[in-house]
Amino acid sequence: MNPFITLTKINNGGYVSININHIVCYERRQFRDSERHYTYILVNGGSGCSREVTETPDQIDMMINHAVLSIPFTHKGA
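Residues numbered from 1 in each chain as written. Predicted model: local features only at pLDDT ≥ 70, side-chain atom pairs only at ≥ 80, totals over all residues. Heavy atoms only, no water.

If you tally the helices and strands in the protein, you get one helix and five strands. Looking at the protein as a whole, 27% of its 78 residues are labelled buried. Put simply, 35% of the contacts in the protein that link residues at least 6 apart link residues at least 24 apart. (Helix = DSSP H or I, 4+ residues; strand = E, 2+ residues; numbered from the N terminus. Buried < 20%, exposed > 50% of the residue type's maximum accessible area, 1.4 Å probe, protein only. Contact = heavy atoms within 4.5 Å.)

The subject of this paragraph is the sheet that holds strand E4 (residues 37-43). Here we have three strands laid out as an open sheet, ordered E3-E4-E5, and antiparallel in their pairing. For this open sheet the edge positions go to strand E3 (23-30) and strand E5 (50-53), each flanked by a neighbour on one side alone. Across the sheet, the axes of successive neighbouring strands diverge by a mean angle of 20 degrees, strand direction being ignored. Pairing analysis gives seven bridges linking E3 to E4, with the strands arranged antiparallel. Residue pairing across strands places Gln 30 opposite His 37, the latter belonging to E4. Packed on one face of the sheet, helix H1 (residues 57-69) meets E3, E4 and E5 and runs near 155 degrees to E3. (Pairing = 2+ DSSP bridges. Axes fitted to C-alpha atoms, helices over the stretch in contact; angles between N-to-C directions.)

This brings us to the packing of aromatic side chains. Throughout the structure, instances matching the rule amount to one aromatic pair. Judged by centre distance (4.9 Å) and plane angle (45 degrees), the rings of Phe 31 and Tyr 38 are tilted. Judged by its relative accessible area of 12%, Tyr 38 falls in the buried class. Taking the ring centre of Tyr 40 as reference, the NZ or CZ of Arg 29 above it sits at 3.9 Å. (Phe/Tyr/Trp six-rings, centres within 6.5 Å; stacked < 30°, edge-to-face > 60°. Lys NZ or Arg CZ within 6 Å of the ring centre and 35° of its normal.)

With 13 residues, H1 extends 18 Å from end C-alpha to end C-alpha; this agrees with the ideal 18 Å at 1.5 Å per step. Tucked into the core, H1 has its buried residues touching strand E1 (4-8), E3, E4 and E5. (Expected span 1.5 Å × (residues − 1).)

Next up, the structure:
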């Protein structure tokens, strides 16, 4: 199963769906010219594959936990 979460892009609005199995790391960052913050997400899939979103790392943590807990348990091994 490949669980996805949907996040809000900071550039031009809109949404992006990300497979949680491809997330390498994420961290909160601040814009250089203001007090606003965003979350930088590094995604496995090639050089420079990243996304900037409005959700906080805590919100992303909750979304990932919900996605993982929603996967049906099949009693099958890997």
